[in-house]
Amino acid sequence: MFTKTDIRKQFLERRLNMPAQEAAALNQHLLENCQKVNYSRVHWAHIFLPITEKKEVNTWPIVEWMRQTYPALQWVLGKASLATANMEHFLWETHTPLVKSSYGIPEPAGGIPVEPHTLDLVFVPLLAFDLTGHRVGYGKGMYDRFLKQCRPDVRTIGLSLFEPVDVIMDADIHDVPLQTVITPVTIYQFIEKR
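Small disclaimer: the values here were computed from a predicted structure and weren't measured.

K.L.:
Which residues make up the overall build of the chain, and what values go with them?
P.N.:
Scanning the chain from N- to C-terminus turns up four helices and eleven strands. Its C-alpha atoms give the chain a radius of gyration of 16 Å, near enough to 16 Å, the size a compact globule of 194 residues would have. For the chain, the spread of C-alpha atoms along the principal axes amounts to about 45 × 35 × 35 Å. Burial statistics for the chain: of 194 residues in total, 49% are counted as buried. The contacts of the chain with a sequence gap of at least 6 include a subset with a gap of at least 24, amounting to 71%.

K.L.:
Talk me through the nonpolar core; I want residue IDs and the actual numbers.
P.N.:
Within the largest apolar cluster, 58 residues are counted, with the highest numbers of intra-cluster contacts made by Y39, W75, V122, F123 and L159. The element best represented in this core is helix 2 (residues 20-34), accounting for five residues.

K.L.:
Explain the sheet that holds strand 1 (residues 44-47) to me, and be specific about the residues and the numbers.
P.N.:
Reading across from one edge, 3-2-1-6-9-10-11 is the order of the seven strands in this open sheet, with mixed pairing throughout. The open sheet terminates on both sides in strands that have one partner only, identified here as strand 3 (86-91) and strand 11 (187-189). Strand-to-strand twist of the sheet, defined as the mean angle between neighbouring strand axes without regard to direction, takes the value 25°. Inspection of the sheet shows strand 10 (residues 180-182) paired to strand 11 by three bridges, in the antiparallel sense.

K.L.:
An account of the packing of aromatic side chains is needed here, citing residue identities and associated values.
P.N.:
One pass over the structure, following the stated rule, counts eleven aromatic pairs. Look at F11 and F162: their rings are 5.6 Å apart centre to centre, the planes differ by 65°, and that puts the pair in the edge-to-face class. Note that F11 is positioned in helix 1 (residues 4-16) and F162 in the loop between strand 9 (155-159) and strand 10, a separation of 151 residues in sequence. Like F162, F11 is buried. Between W65 and Y70, the ring centres sit 6.1 Å apart and the planes meet at 80°, which makes this aromatic pair edge-to-face. With relative accessibility at 18%, the residue W65 sits in the buried group. Chaining the aromatic ring pairs together yields one cluster made of Y39, W65, Y70, W75 and F123. Sitting over the face of the ring of Y138, K54 holds its NZ or CZ atom 4.3 Å from the ring centroid. The lysine or arginine in question, R67, covers the ring of W92, its NZ or CZ lying 4.7 Å from the ring centre.

K.L.:
Quick one: what's the story with the layout of surface pockets, residue by residue and with numbers?
P.N.:
Each pocket or cavity is described by its volume, and for the largest pocket that value is around 770 Å³. Lining the largest pocket are 39 residues, and of these R135, Y138, K140, M142 and Y143 sit closest to its centre. Those elements that provide at least two residues to the lining of the largest pocket are helix 1, strand 1, strand 2 (74-81), strand 5 (106-108), strand 8 (135-136) and helix 4 (142-149). Of all the elements, helix 4 adds the most residues to the lining of the largest pocket, at five residues. Of the residues contributing to the lining of the largest pocket, the split by class is 20 nonpolar, six polar and 13 charged.

K.L.:
Which residues make up the environment of F129, and what values go with them?
P.N.:
Checked against the element boundaries, F129 lands in strand 7 (residues 128-129). What makes F129 buried here is its relative accessible area of 1%. Apart from residues no more than four positions distant in its own chain, F129 is found in contact with H134, R135, S160, F162, E163, P164, V165, I168, V181, T183, Y188 and F190.

Thresholds, definitions, all that
- Residues numbered from 1 in each chain as written.
- Predicted model: local features only at pLDDT ≥ 70, side-chain atom pairs only at ≥ 80, totals over all residues.
- Heavy atoms only, no water.
- Helix = DSSP H or I, 4+ residues; strand = E, 2+ residues; numbered from the N terminus.
- Rg over C-alpha atoms; globule rule 2.2 N^0.38 Å.
- Buried < 20%, exposed > 50% of the residue type's maximum accessible area, 1.4 Å probe, protein only.
- Contact = heavy atoms within 4.5 Å.
- Core = buried A, V, L, I, M, F, W, Y, C linked by side-chain atoms within 4.5 Å.
- Pairing = 2+ DSSP bridges.
- Axes fitted to C-alpha atoms, helices over the stretch in contact; angles between N-to-C directions.
- Phe/Tyr/Trp six-rings, centres within 6.5 Å; stacked < 30°, edge-to-face > 60°.
- Lys NZ or Arg CZ within 6 Å of the ring centre and 35° of its normal.
- 1 Å grid on protein atoms, 1.4 Å probe; cavity = no way out; pocket = protein on both sides within 12 Å on 5 of 7 lines; lining within 4 Å.
- Points joined across faces, edges and corners; volume = space filled by probe spheres on them.
- Nonpolar A, V, L, I, M, F, W, Y, C, P; charged D, E, K, R; others polar.

Interpretation in functional terms is not warranted from these geometric data alone.
Quick look at the structure:
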């Protein structure tokens, strides 16, 4: 059993030390498992784009496949304010200009704002997760605050290159557990706790 700090350090190190070929294979298997999920009732989906320097899950192929398979789906990207640890959200169209934030996150330069309550689905980044659906991110709490602004029936899907740890010892009431986590190996479903 480990704390968020221990898990964050361990999993970030694992990811950063992963050979490129292994990362590409894991991302391919993750994409294949994402393709097993039915998104037909989703009209508005929020996704994160990867910080390549941190070898985050490559979400570009997921978006490309979903744009082809579900062409009516509207995409939304977040723009983080690291000073306030909050996020703004913008419609992401194919022509929306993206800029890299100071943390290397591709974000919309601006555009049409979208309110969190509009969203049907949020793909959630993470470093690790446990068998109850709790996640460890980078420790700013931005996604937990954002998910609390969404509708109670919003679908949350975490994307992880690794399998779960048994338990995150210091998960607390401010943490929003995920409903689903997709890994390269399988799809984990958790009991709705919101």
